[in-house]
Amino acid sequence: MGTHYCGWQVQPGAPTVQETLQSAIERVFGVKVSLTGCSRTDSGVHAKGFVALVSGELPKISCDALPMAINTALPEDIAVVSAMDAPEGFHPRYDALGKEYVYRIHNSRIRNPFIEDRAWQFTRHIDEIKAQEICDRIVGKKDFAAFMASGSKIVDTVREIKYCKIFL
């Protein structure tokens, strides 16, 4: 998911993954639902292993059958891969134990059409040893307030980076 959407979260006048998925669920089951995602994604970002909570009264259907049912109403670039019952009070964002981000760089002067919308092409040589040294500096607990959006309501800006690895 990502290429054709303006991120996860519903935005007026812009196609989003949340809106597309919510509409598909409502069409398939004929009931109003709301979705809460584990995170937000930016425009064009692909999320693998994204968790969303469906709130609303879905008909009694097994968790194994839910993905197939919902996927019949989704476009080809979004898919529900699994479903499970959530414990009472579960929140996909606040109960997450961690997140993993993968940034792909195609380090070549020659473009690769197979990964063009999945990787950033960087045409100059990347020194893998120096790049790893930079990555090693952000591992640990750090204050990321400088990366926060202006006007954000987030109070605790300290995050722990467990690992940062360069693979070329």
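Quick note: structure is the one above.
In short, a report on the structure. Please read these numbers as outputs of a predicted model, since none were measured by experiment.

**Some details on the overall build of the protein chain**
In step 1: In terms of helices and strands, the protein chain carries 3 helices and 6 strands.
In step 2: Ordered by position from N to C terminus, the α and β elements of the protein chain give α-β-β-α-β-β-α-β-β.
In step 3: When the backbone C-alpha atoms are referred to their principal axes, the protein chain occupies close to 55 × 40 × 30 Å.
In step 4: Counting all 168 residues of the protein chain, 23% fall into the buried class.
In step 5: Put simply, 46% of the contacts in the protein chain that link residues at least 6 apart link residues at least 24 apart.
In step 6: Carbon and sulfur atoms make up 55% of the accessible area of the protein chain, which totals about 13000 Å².
In step 7: Side-chain charges in the protein chain split into 20 positive and 20 negative, and the spacing between the mean points of these groups amounts to 6 Å.

**Some remarks on the layout of surface pockets**
If a probe the size of a water molecule is rolled over the atoms, the empty space left behind becomes visible.
In step 1: Its boundaries defined by the atoms lining it, the second largest pocket holds a volume of some 1300 Å³.
In step 2: In terms of lining, the second largest pocket is formed by 39 residues, of which the most central are A52, L53, V54, A83 and M84.
In step 3: Of all the elements in the fold, those that place two or more residues in the lining of the second largest pocket are helix 1 (17-29), strand 2 (52-55) and helix 2 (66-71).
In step 4: Looking at side-chain class alone, the lining of the second largest pocket contains 28 nonpolar, 5 polar and 6 charged residues.

**A short note on the packing of aromatic side chains**
In step 1: Going through the model one piece at a time under the given rule, you end up with 4 aromatic pairs.
In step 2: Here the aromatic rings of W8 and F50 are separated by 4.5 Å at their centres, their planes lie at 40°, and the arrangement is tilted. Of this pair, W8 sits in the segment before helix 1 while F50 sits in the loop between strand 1 (34-37) and strand 2, and the two are 42 residues apart along the sequence.
In step 3: The exposure class of W8 is buried, given its relative accessible area of 4%.
In step 4: Note on F50: relative accessible area 22%, which makes it partly exposed.
In step 5: Between Y101 and Y103 the ring centres are 6.4 Å apart and the planes differ by 15°, which places this aromatic pair in the stacked class.

**Some remarks on the side chain of E26**
In step 1: Tracing the chain through its elements places E26 in helix 1.
In step 2: By relative accessible area, which is 18% here, E26 ends up buried.

**Remarks on helix 1**
In step 1: If you check helix 1, its first and last C-alpha atoms are 18 Å apart, about what 13 residues at 1.5 Å a residue would give, namely 18 Å.
In step 2: Among all positions in helix 1, only V17, Q18, L21, Q22, A24, I25, E26 and F29 are buried.
In step 3: Looking at the buried side of helix 1, the elements it contacts are strand 1, strand 2 and helix 2.
In step 4: Its side-chain oxygen 3.2 Å from the backbone nitrogen of E19, T16 forms the N-cap of helix 1.
In step 5: G30 sits one or two residues past helix 1 and shows a positive phi near 65°.

Cut-offs and rules
- Residues numbered from 1 in each chain as written.
- Predicted model: local features only at pLDDT ≥ 70, side-chain atom pairs only at ≥ 80, totals over all residues.
- Heavy atoms only, no water.
- Helix = DSSP H or I, 4+ residues; strand = E, 2+ residues; numbered from the N terminus.
- Buried < 20%, exposed > 50% of the residue type's maximum accessible area, 1.4 Å probe, protein only.
- Contact = heavy atoms within 4.5 Å.
- Areas by Shrake-Rupley, 256 points an atom, 1.4 Å probe, with all protein chains shown as cover.
- Lys, Arg positive; Asp, Glu negative; His and termini not counted.
- Charge placed at Lys NZ, Arg CZ, Asp CG, Glu CD.
- 1 Å grid on protein atoms, 1.4 Å probe; cavity = no way out; pocket = protein on both sides within 12 Å on 5 of 7 lines; lining within 4 Å.
- Points joined across faces, edges and corners; volume = space filled by probe spheres on them.
- Nonpolar A, V, L, I, M, F, W, Y, C, P; charged D, E, K, R; others polar.
- Phe/Tyr/Trp six-rings, centres within 6.5 Å; stacked < 30°, edge-to-face > 60°.
- Expected span 1.5 Å × (residues − 1).
- Polar contact = N/O pair within 3.5 Å; in protein donor to acceptor, adjacent residues only side chain to side chain.

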